[in-house]
Amino acid sequence: MKSIQLFNVAPKIPNELIFLEKLSYSMWWSWQPSAIDLFARIDPALWRESGNNARRLLNMIPQERLEELTRNKEYLRQLKRVKAEFENKVIISSENKDEKVIAYFSMEYGIHESINLYSGGLGILSGDHLKATSDLKLPIVGVGLLYNQGYFKQFFDHNGWQMERYPENEINNMPLKRALDKEHNEVFVTVKLLDREVIASVWKLEVGNVELYLLDTELPENPPEFTEITSRLYGGDRKMRLEQELLLGIGGYKALIQLGYEPAVCHMNEGHAAFLSLARIPHIMEKYNIDTETALEIVWRTNVFTTHTPVPAGNEAFDIKLLKPYLDALQGDTKLDTERVINWGLPPNDSNNKEMSMTVLGFRMSNYNNGVSKLHGEVSREMWQHIWPGRVLEEIPISHITNGVHIATWLARRKRVLYDRYMEYGWLESLNKKRLRESVENIPNEELWMAHEMCRHTLVKHSRDNFRKQAGNSIYPQAHLRDTKLLDPNILTIGFARRFATYKRGALLLLNPERLEALLTNPDHPIQLIFAGKAHPADDEGKKIIQQLIQFSRKPEIWGKIVFLEGYNSSLAQDLVQGADIWLNTPRRPMEASGTSGMKAAANGVINCSILDGWWAEAYTPERGWAIATNENYDNPEDGDEYESNALFNLLENEIIPCFYERAEGTFPFRWINKMKESIIMALDTFSSLRMVNEYNEKFYQPAKESFDELFADNAAKAKELVEQKKRLVGNFDKVYIAAPKVEGDLNNAHVGDIFNVTAKAFINGLNPQEIDVQVYYGPVDSRNNVHNGNTAIMEIAEDLGGGNYIYKCKFKCETTGRFGLTCRITPLGVAWKSSKPGFICWSE
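It should be emphasised that the depicted structure is a prediction, and the values quoted were computed from it without experimental measurement. (Residues numbered from 1 in each chain as written. Predicted model: local features only at pLDDT ≥ 70, side-chain atom pairs only at ≥ 80, totals over all residues. Heavy atoms only, no water.)

Engineer: Is there a simple way to explain the packing of aromatic side chains in this structure?
Structural biologist: Where two aromatic rings form a pair, the distance of their centres and the angle of their planes describe that pair. Within the structure shown, the criterion is met by 38 aromatic pairs. Plain terms: the ring middles of Phe500 and Phe564 are 5.3 Å apart, the flat faces sit at 55° to each other, and that makes the pair tilted. A residue pair is termed long-range when its members are at least 10 positions apart, and Phe500 in the loop between strand 15 (492-497) and helix 21 (513-520) and Phe564 in strand 17 (residues 562-565) qualify at 64 residues. The burial state of Phe500 is the same as that of Phe564; both residues are buried. Counting every residue linked through ring pairs, the aromatic cluster contains Phe156, Phe496, Phe500, Phe531 and Phe564. Note that Lys177 overlies the ring of Tyr25, its terminal NZ or CZ placed 4.9 Å from the centroid. (Phe/Tyr/Trp six-rings, centres within 6.5 Å; stacked < 30°, edge-to-face > 60°. Helix = DSSP H or I, 4+ residues; strand = E, 2+ residues; numbered from the N terminus. Buried < 20%, exposed > 50% of the residue type's maximum accessible area, 1.4 Å probe, protein only. Lys NZ or Arg CZ within 6 Å of the ring centre and 35° of its normal.)

Pasting the structure below:
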């Protein structure tokens, strides 16, 4: 049949319940237990069938049930309470939006399992970032893409091999509204892709006080190949990926401008969004009538870049032959020379490189750069040191802000009730360290243990339900699927759930199968293992690890004691981090940038057992968990795997299992419970997304926003001044020279407290002495006589020799014992050029 018009018919929400409609469009409900209950109480079975999707539920509910609820006084009272809280926390704060926002760009967002716009940890982190921002009421907007099919749904074939399917996202069942400009017109943006323009519509998703804008190319105006751009997250070939990232960065920024925002700060969450500067520079040029160099100075000084990848091969890069035609086509819009843009994404002095790195582009276009854990910050400074030639490692401008998790999202309902009962009012938002410890220690051991045991029972029940749904794929014999012996809710349960990449070593326990079987079948102190996670569709090695675990779990001797759950998503992750006893993490150090699943587990009192990598390297103490011993001295990684597998079994056999089953003081494992409480204190205090976002705000957002205002003041006078100074630095710094320092006295016979006079001759060419620092740089040396963790002492002019030549001097005091090195250097004065590329630094020869 032709000319069929499709339409949806939804129930008519009675006036008494009309707030449910508004609430269903704000994802604030997803981390508020009272709001979740409001939807679940309408029809518990239908709520489960809807996938805990408030929009879908309201489209499914029978009209008669809604009419019944209008006569339910208790339900109406609850609705009134939730409405009052919503209007207090969301509505009021959203009425006074600041146009000078912080714009947060990410390729994926994990807000809730009903919104399939995420693949894993990066997306979940982005979602938690926006939720914490909402709680803190910061002026942030999110930007991303609306994927028609999102990320894949996972299932296994009869051999245990991961398969993928891509169901369509049903927009009518998603909390999306068309984004409108100030004149209430729908917003569309265009981005030039080669010889054509792609058109994208813009949708708005409300995450409490934060508006997340999502671009969608599935429009009839677009040719089929353009509608595919927002089809799948991380789908398609390299051309598709490039077009997605151009749309995210350039199209996303254009969308904000059309919506009436003036982003004062742009935060790129990974290199996927690094193209945004190609839209931000020409916008600033046109709006403020300034030149390219001044706009560039403003842009890089007010951008934030977060890297998440601690291995070079994992960082996004595009073949220059593929990229260049796209940049050529965009020149009319960006006002930027293609070769210059490409060079921004290349390492210094590496013009022969065949790929442009999005990570390098992100660093080059940002003044504020960070890794996502303390260790990752160290790894990133070493990995990217070459971008800042001449800089010592400790001064590479990549700091760290350790990831955090949104506690309200990941905390089990039973445990939240318990925390509310015994902890101070407002514990979820803020609590100082002393009161936090007192509050957690105030929770009765027995009640905490019983709440956790109930969570473990829930995990086992949901795991059994999940497992039996796999029957259609015939992974296991039908008799096994009906077996009630599948998992035991009363024994030590170890959880392992994450992306299955080879470096995460999901099958590390299988290197010692006999020891593993012995632990699983121990009649007195048994354990069980629950695995979940996805491998990337193109990662066959990751899929093999999943297959190994599934095939091992089929052995009759251990049947029902190891399961691999299908269809990993955020809902399944919640069950696992809330109900496991041990959270296992086995990455090959230092390849885990941060990891956040262990933080979620710790907030629930689940104890971590992990390699000292990512966040656990800075979080671990013996009071709150276990560290798996590592040995990084093996040339063959497989030998290291064997060593660490044995170390893990030693921990399980000698420490973890005995501690769990220890009941010396009665029916409760009090030593274990003490570790649970220490884990809870740690997570709530140090690893919440509220702490993380506050840290971004204090270290990056507020300084960058202040810079934005300062740089634009007086017709961008400060920015223009910096441009002129940069020209002077570029024109003169390669000719600057400083001789080796001369020290009065015998440095080879130095003692603590000795003071030495240091002088050095410097030539500063056409620079003014007032715009440079001449420094003594000194500190302890390594076996190669390289200074590490050095200190500086400012030198002053002792004599003007004329012609740009000066003698500089200072006093140097020996503070501690050890072997030290000393040299001199010249840098620009102050911090204005601390993050600049090139690095403007001259060392004595």
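Engineer: Looking at this structure, I do not really get the pattern of salt bridges. What am I missing?
Structural biologist: Side chains carrying opposite charge are able to pair once their charged atoms draw close together. Under the defined criterion, the tally for this structure stands at 41 salt bridges. Between Glu21 and Arg55 there is a salt bridge, with its nearest N and O atoms 3.5 Å apart. Of this pair, Glu21 sits in helix 1 (residues 18-24) while Arg55 sits in helix 4 (residues 54-60), placing them 34 residues apart in sequence. Assessed through its relative accessible area of 25%, Glu21 is described here as partly exposed. With relative accessibility at 5%, the residue Arg55 sits in the buried group. Between Lys461 and Asp465 there is a salt bridge, and its shortest N-O distance comes to 3.2 Å. Of this pair, Lys461 and Asp465 are both found in helix 19 (residues 445-469), four residues apart, which corresponds to roughly one turn of the helix. By relative accessible area, which is 33% here, Asp465 ends up partly exposed. The network of salt bridges with shared partners includes Arg238, Arg241, Glu245 and Glu316. (Salt bridge = Lys/Arg side-chain N within 4 Å of Asp/Glu carboxyl O.)

Engineer: How should I be thinking about helix 21 in this particular structure?
Structural biologist: At 3.6 residues per turn, the α-helix brings residues three or four places apart onto the same side. Turning to helix 21, its buried residues are Leu516, Glu517, Leu519 and Leu520. Buried residues of helix 21, seen end-on, are gathered within an arc of 160° and therefore sit on one face of the element. Residues of helix 21 that are buried in the fold lie against strand 16 (527-532), helix 22 (540-553), strand 17 and helix 26 (637-661). (Arc of directions from axis to C-beta. Contact = heavy atoms within 4.5 Å.)

Engineer: How should the side chain of Arg391 be read in this particular structure?
Structural biologist: Within the secondary structure, Arg391 is located in the loop between helix 15 (374-383) and strand 14 (399-400). Here Arg391 sits buried without a salt bridge, and the closest side chain of opposite charge, Glu395, lies 5.7 Å off (N-O distance). (Lys, Arg positive; Asp, Glu negative; His and termini not counted.)

Engineer: Hey, could you run me through the sheet that holds strand 24 (residues 772-780) in this one?
Structural biologist: Two modes of strand pairing occur in sheets, parallel and antiparallel, and in both the strands are linked by backbone hydrogen bonds. Ordered by their spatial adjacency, four strands build an open sheet running 25-24-28-29, and the pairing between neighbours is antiparallel. Across the chains shown, the open sheet's two edge strands, defined by having one partner strand only, are strand 25 (791-794) and strand 29 (842-843). Sheet analysis places strand 24 next to strand 28 (residues 820-828), joined by nine bridges and oriented antiparallel. Directly across from Tyr778, in strand 28, lies its bridge partner Leu822. (Pairing = 2+ DSSP bridges.)

Engineer: Honestly, the nonpolar core in this entry has me stumped. Any pointers?
Structural biologist: Side chains that are nonpolar tend, in soluble globular proteins, to be buried together. With 267 residues, the main nonpolar core has Leu23, Phe39, Phe105, Phe275, Trp672 and Ile826 as its most contacted residues. No other element matches helix 28 (residues 689-732), which puts 14 residues into this core. Look past the residues within four positions of Phe105 in its chain and what remains in contact with it is Val143, Leu248, Gly249, Gly252, Tyr253, Leu256, Cys266, His267, Met268, Asn269, Ala273 and Leu276. (Core = buried A, V, L, I, M, F, W, Y, C linked by side-chain atoms within 4.5 Å.)

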